[in-house]
Amino acid sequence: MDMVSCAYRDATAQRLSRTKYHEKSTTNNLHQKPKIPFLTSSYSDDEFPYPFGELDVDLTESELRETAYEILVGACRSSTSGRPLKFVSSSERSSSSSMMSLSPSFQRSVTSTAASKVKKALGLKSRKKNSDSVVSGNKKGSTTVGELMRVQMRVSETTDSRVRRAFLRVAAGQLGRRLESMVLPLELLQQFKTSDFPNPQEYEVWQRRNLKLLEAGLVLHPYLPLDEIDTRPRQLQHIIHGALVKPMDTGKHSESMQVLRNLATSLACRSFDGSSPEICHWADGTPLNIRFYQILLEACFDVNDQTSVIEEVDEVLEIIKKTWVILDIDQMFHNICFSWVLFHRYVSTSQVEKDLLFAADNLLSEVANDAKAVKQPSCSQTLSSLLGLILGWAEKRLLAYHDSFYRDNVDIMQSLLSMGLSATKILVEHNSRNYQKKKKEVDVEFSSVDTYIRASMLSAFSQEKERLISSRKSSKKQQNSLPNLSILAQNVTDLAFNEKEIYSAVLKRWHPIATGVAVATLHACYGSELKKFVSGISELTPDALQVLIAADKLEKDLVQMAVADAVDSEDGGKSLIKEMTPYEAEAVIANLVKSWIRTRIDRLKEWVNRNLQQEVWNPHANKERFAPSGVEVLRSIDETFEAFFLLPIPMHPALLLELMNGLDGCLQNYILKAIYGCGSRSTFVPTMPALTRCSAGSKFSVFRKKERPPMVLHKKSHSGTTDGDDSFSIPQLCVRINTLHCIRKELDVLEKRTISQLRDNLRVHDDNLVNVLGKGFELSAAACLEGIQQLSEAIAYKVIFHELSHVFWDYLYVGDVSSSCIEPFLQELEKNLEIISATVHDRVRTRVITKVMKASFDGFLFVLLAGGPSRSFLLADAAIIDEDLKFLMDLFWSDGDGLPADLIDKFSTTLKGILPLFHTDTAILIEQFEHAVQDNFAPSAKSRLPLPPTSGNWSPTESSTIMRVLCYRNDKMATKFLKRNYNFPKKL
């Protein structure tokens, strides 16, 4: 738009202020009085100035109009086949209206009923004549074009008669001369005296008018520029100014009149080359000639209806064009002036008749075509002035076209846009020498329309925003849950669709992606407001979510419209989409939701840590016998999921996995803390003592420095531990197992409910996503299973080696085997099993008791193979051991009410496989041991057998197992063998 701006600035600089209209009636006998005041403008002069420059002459509108009529009458008389003025005697006159010979077109009757060609060409509608027609008042029959012009120009019959009489006298005195070769005001001054007027005052007004016309046409606005050293203009002005003060004698023999004539004639008959021209230039200087011609063209409008062009416009224009030779008007000037008259009449009559604008637009198109051939400076300046004013007025509306145009008058916008663009193009062509070079680079029409669209959308957006703010202020007391930007987003969407439906159809004629540019501008406007809003968001709130979701929907709508509009453009709309900087509302929402998730997770972690410190794992806290803290953590997780799905966000699936992972971590943390410190197998199983050999016929105490005291069974409380910490007692450990089992079970329910919500509420049917979400609590689920396993093991070994150590490790087979059998241990174990069965959940009871059974079998083997020097076995003791094992297995079978027999057999296989070694003779055992060592270890040069390592994987064929049976064999052969090969001590 740089060239356009420059052109418009230049045109504005050339334009002078509009001529003031001082309508003053000088006649009292008009044929018909106008019903509406002449040219009543709805705009001030400052807002809508006259484009062609000031006359700077004290002449009223009626005086200028009377002069224009005189020129018209004289031109019609003079233009008859190029004939000079001809005298007609009084005996040949038929009436006062034919005092001199006028052109046939001026005298022709207005009787044609054919449609106006001019109206058709300009796009003006024809109208039916009514009783108020300007020609309906003719009582003598048909009305002539001359009579029509008199009425249209509001010239009284008296004035018309005087004008015709004047030309009759001129013709009589200037036979053979053409009117254009005369200075008309000069001739008229000599034709009338005071007696020709009703009173002297009217004559003096008439004389002053003609003198002012001489000054205007010859001095102020001459056809040819005046020479500064030429004194004639100043002399002429001196005479005229004197006559304005004191009326001068205009008689034929008046000396002052002769001087006036000589000066006026010499100035009017100047030429560029100094030759004597055939035409006197007194009314063809700009802007005087344009002002006269404008007045003549205004006669095309009905005096009774300012907005209506008369049906006889063809005949009127035909005779008006006869003034061209006097006013120095050509077709180009005619089109310029007529465009202005139509345009100004449209504006000055409150823009009620859009046909006037259409006509002005059509005529300006012809001007645009003719403007390329304009070479005259005066015409170029006139054109620039007119176009500058039209463009300024049009752009004032086009830069905010929503304020002026709507669905019912968008056709006016099209015409105004066409006019504005024609004016722009002409101005650029005339004011830029490099236009032809830049034409291919700069599309003036496209650039202008692009500017109009962007400016209008910006204005419409600003108004929409201000309207919303004002509406909110006025309705403060009313509760409205929607934030401003949410409402604004919807309003902008409506604005965009309204733009596409109403305005873009018009704008696409000059801008192929008008809709795209409009929505891109709206996108940028809303984006600016959204950016400010987002910068102030620190947490997820309902208002923030509503605004961001509304913004995301708006952006999708706008982008879709832009892509659809630009799909056929050169780049397929890439540049337009690139212009639309993404809102990234989904990313902002996602970040806010992630922050919301982190906050919830952090709170849950704090809660877990705080509540686990207070948890006592009381088995009587509830009927289900699991920890209240477990119930609460599951409830918190469920509430978090519920709150998450209540968030009005479109990306639940994308963020759900992150939420599930966070909650999974919290739950895993709870599980790990729940099992922390509960112990394991290694916590309770005593350290394996060093190998010793038995002293045949003796028993050694388990204590190093004193003999074993008399056996007293010290029973321990089943509700407490040796260290006094109830939270790790057997019932409390069972509660922990129940809690983990409950969590594991609820995880399955939670996953199913979450997937169901995704499928039903959000209509997500992506099986891959469902599979991924189904693994959302993998860590917690695995931790539950592992925790139950660890706790079950801890319970089992705690019961065997800690809770029942007084009847097991400290008692079983210590000293004499027959007097320290398994019965006391079985009695205490049964009580513990009852406690476990009553406390632990049904679904995990078998698992826990199985672990206790395995621990008891492991403990039994540990007593037999690593019981320390306080234990020794005779070959005869094997039968007692077999019987004790049977009693132990029967306890767990419990006559079929306990564990399955096959499960008992499975876990007792190792133990039952080793017991036959206790029935085996010592010599055979030694032989088996030696073979086992030789098979498993390389031969040694030393005489002693290598000491097999203790693997802990007991087996009847394993060398370490056989050696331990020998170590606890109360037999001399075994003692000697161990002494000779390994030098084992008899005691520790």
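Residue numbers restart at each chain and count upward from 1, following the sequence in its written direction. Given that this is a predicted model, residues contribute local features only at a pLDDT of at least 70 and side-chain atom pairs are listed and counted only at 80 or more, while totals for whole chains, interfaces and linings are drawn from all residues. With hydrogens and water excluded, all non-hydrogen atoms of the structure serve as input to the side-chain values.

(A) Spotlight on the overall build of the protein. For the protein, the helix and strand inventory stands at 39 helices and 2 strands. Split into buried and exposed, the 988 residues of the protein put 52% on the buried side. For the protein, contacts bridging at least 24 residues in sequence account for 80% of all contacts bridging at least 6. Note on areas: Shrake-Rupley, 1.4 Å probe, and residue coverage restricted to the protein chains presented here. In the structure as shown, the protein presents an accessible area of about 45,900 Å², 50% of it carried by carbon and sulfur atoms. Per the convention used, a helix needs a DSSP run of H or I reaching at least four residues, while a strand needs a run of E reaching at least two, with both numbered from the N terminus. Burial classes: relative accessible area under 20% of the type maximum marks a residue as buried, over 50% as exposed, and values in between as partly exposed (1.4 Å probe, protein chains only). Residue contacts follow a heavy-atom distance rule, with two residues in contact if any of their heavy atoms lie within 4.5 Å.

(B) Local environment of helix α9 (residues 232-245). To estimate how far a helix should extend, the number of its residues minus one is multiplied by 1.5 Å. When the terminal C-alpha atoms of α9 are compared, their 20 Å separation across 14 residues agrees well with the 20 Å that a helix rising 1.5 Å per residue should span. Those residues of α9 that sit buried are Pro233, Leu236, Gln237, Ile240 and Ala243. Considered in projection along α9, the buried side chains sweep an arc of 130° and stay on one side of the axis. Of the residues in α9, the exposed ones pointing more than 90 degrees away from the buried face are His238 and Val245. Directions from the helix axis toward the C-beta atoms define the arc.

(C) Highlighting the packing of helix α25 (residues 585-614) against helix α27 (residues 652-675). Following both chains from N to C, one finds α25 and α27 inclined at 10°, their axes separated by 10 Å at the closest point. Regarding the angle of α25 to α27, the classification is roughly parallel. In this structure, α25 uses Ala590, Val593, Lys594, Ile597, Ile601, Leu604, Lys605, Val608, Asn609 and Leu612 to contact α27, whose residues at the interface are Leu655, Glu658, Leu659, Gly662, Leu663, Cys666, Asn669, Tyr670, Lys673 and Ala674. Residues are grouped as follows: nonpolar covers Ala, Val, Leu, Ile, Met, Phe, Trp, Tyr, Cys and Pro; charged covers Asp, Glu, Lys and Arg; every other residue, Gly included, is treated as polar. Residues that form the contact of α25 with α27 fall into these classes: 13 nonpolar, 3 polar and 4 charged. Angles run from 0 to 180 degrees between N-to-C directions of axes, and those axes are lines fitted to C-alpha atoms, restricted for helices to the stretch in contact. Our angle categories are set so that under 35 degrees counts as roughly parallel, over 145 as roughly antiparallel, 65 to 115 as roughly perpendicular, and the remainder as oblique.

(D) A look at the environment of Ser348. Examined against the element boundaries, Ser348 turns out to sit in helix α14 (residues 331-348). The class of Ser348 is buried, set by a relative accessible area of 1%.

(E) Inspection of the packing of aromatic side chains at higher detail. Each aromatic pair joins two rings of Phe, Tyr and Trp (for Trp, the six-membered one) with centres within 6.5 Å, and gets the label stacked for planes under 30 degrees apart, edge-to-face for over 60, and tilted for any other angle. Scanning the entire structure with this criterion turns up 27 aromatic pairs. Between Phe192 and Trp206, the aromatic rings sit 5.4 Å apart at their centres with planes inclined by 90°, giving edge-to-face as the arrangement. Remark: Trp206 occurs in helix α8 (residues 200-220) and Phe192 occurs in the loop between α7 (184-191) and α8; sequence separation between them is 14 residues. Since its relative accessible area comes to 5%, Trp206 is described here as buried. For the pair Phe808 and Phe825, a centre-to-centre distance of 4.7 Å together with 40° between the ring planes defines the contact as tilted. On the criterion of sequence distance, the pair formed by Phe808 in the loop between α31 (778-803) and α32 (823-839) and Phe825 in helix α32 is long-range, its members being 17 residues apart. We note that Phe808, like Phe825, is buried. Taken together, the aromatic side chains of Tyr797, Phe801, Phe808, Trp809, Phe825 and Phe862 make up a single cluster linked through ring pairs. Over a ring means this: the NZ of a Lys or the CZ of an Arg is within 6 Å of the ring centre and within 35 degrees of the ring normal. The positively charged end of Arg345 is found above the aromatic ring belonging to Phe301, 4.1 Å away from the centroid. The ring of Trp393 is capped by Arg397, whose NZ or CZ atom sits 3.7 Å from the centre of that ring.

(F) Local environment of unusual backbone geometry. Cis rather than trans, the peptide bond between Thr286 and Pro287 has omega equal to 10°. Assignment of secondary structure puts Pro287 in the loop between α10 (255-268) and α11 (288-297). Despite not being glycine, Ser350 has its phi angle at roughly 65°, a positive value. With respect to the helices and strands, Ser350 occurs in the loop between α14 and α15 (354-371). Using a relative accessible area of 45% as the deciding quantity, one classes Ser350 as partly exposed. Positive phi values are uncommon outside glycine, yet Trp617 reaches one of about 55°. Structurally, the position occupied by Trp617 is in the loop between α25 and α26 (628-646). We classify Trp617 as buried; its relative accessible area is 3%.

(G) Quick peek at the packing of helix α21 (residues 484-507) against helix α22 (residues 514-535). In contact at an axis separation of 9 Å, α21 and α22 are set at 165° when each is read in the N-to-C sense. By the angle between their directions, the pair α21 and α22 is classed as roughly antiparallel. Remark: the crossing between α21 and α22 carries right-handed chirality. For the pair α21 and α22, the contacting residues are Leu485, Ser486, Leu488, Ala489, Val492, Leu495, Ala496, Glu499, Lys500, Ser504 and Leu507 in the first and Ala514, Thr515, Ala518, Val519, Leu522, Tyr526, Glu529, Leu530 and Phe533 in the second. Definitions for this section: a left-handed crossing has its near helix turned counterclockwise from the far helix by less than a right angle. A right-handed crossing has that turn clockwise.

(H) How the structure looks around the nonpolar core. Throughout this description, the term nonpolar core refers to a set of buried Ala, Val, Leu, Ile, Met, Phe, Trp, Tyr and Cys residues connected via side-chain atoms within 4.5 Å. In this structure, Phe343, Tyr526, Phe644 and Leu829 are the most contacted members of the largest nonpolar core, which totals 288 residues. In terms of residues, this core owes the most to one element, helix α33 (residues 842-866), which gives 14 residues. Residues within four places of Leu829 in sequence aside, it is in contact with Val799, Ile800, Leu804, Val852, Leu888, Leu891 and Phe892.

(I) Representation of the pattern of salt bridges within the structure. Whenever Lys or Arg places a side-chain nitrogen within 4 Å of a carboxyl oxygen from Asp or Glu, that contact is recorded as a salt bridge. Applying the stated criterion to the full structure yields 33 salt bridges. We note a salt bridge from Glu639 to Arg635, for which the minimum N-O separation is 2.5 Å. Placement of both Glu639 and Arg635 in helix α26 is noted, with a separation of 4 residues, approximately one turn of the helix. A salt bridge links Asp858 to Lys854, with the shortest nitrogen-to-oxygen separation between them at 3.1 Å.

(J) Broad picture of the environment of Ser126. Position of Ser126 relative to the elements: it lies in the loop between α4 (117-122) and α5 (145-152). Between the alpha carbons of Ser126 and Ser116 there is a distance of 7.5 Å; along the sequence they are 10 residues apart. Discounting chain neighbours no more than four positions away, the residues touching Ser126 are Lys119 and Glu311.

(K) Molecular detail of the pairing of strand β2 (residues 305-309). Taken across its 5 residues, β2 has 4 buried, putting it largely inside the fold. When DSSP finds at least two bridges between two strands, those strands are taken to pair. The sheet contact formed by strand β1 (residues 301-302) and β2 spans 2 bridges and is antiparallel. Bridge pairing in β2 links Asp302 to Asp305. Where β1 folds back on β2, the antiparallel hairpin that results is connected by 2 residues.

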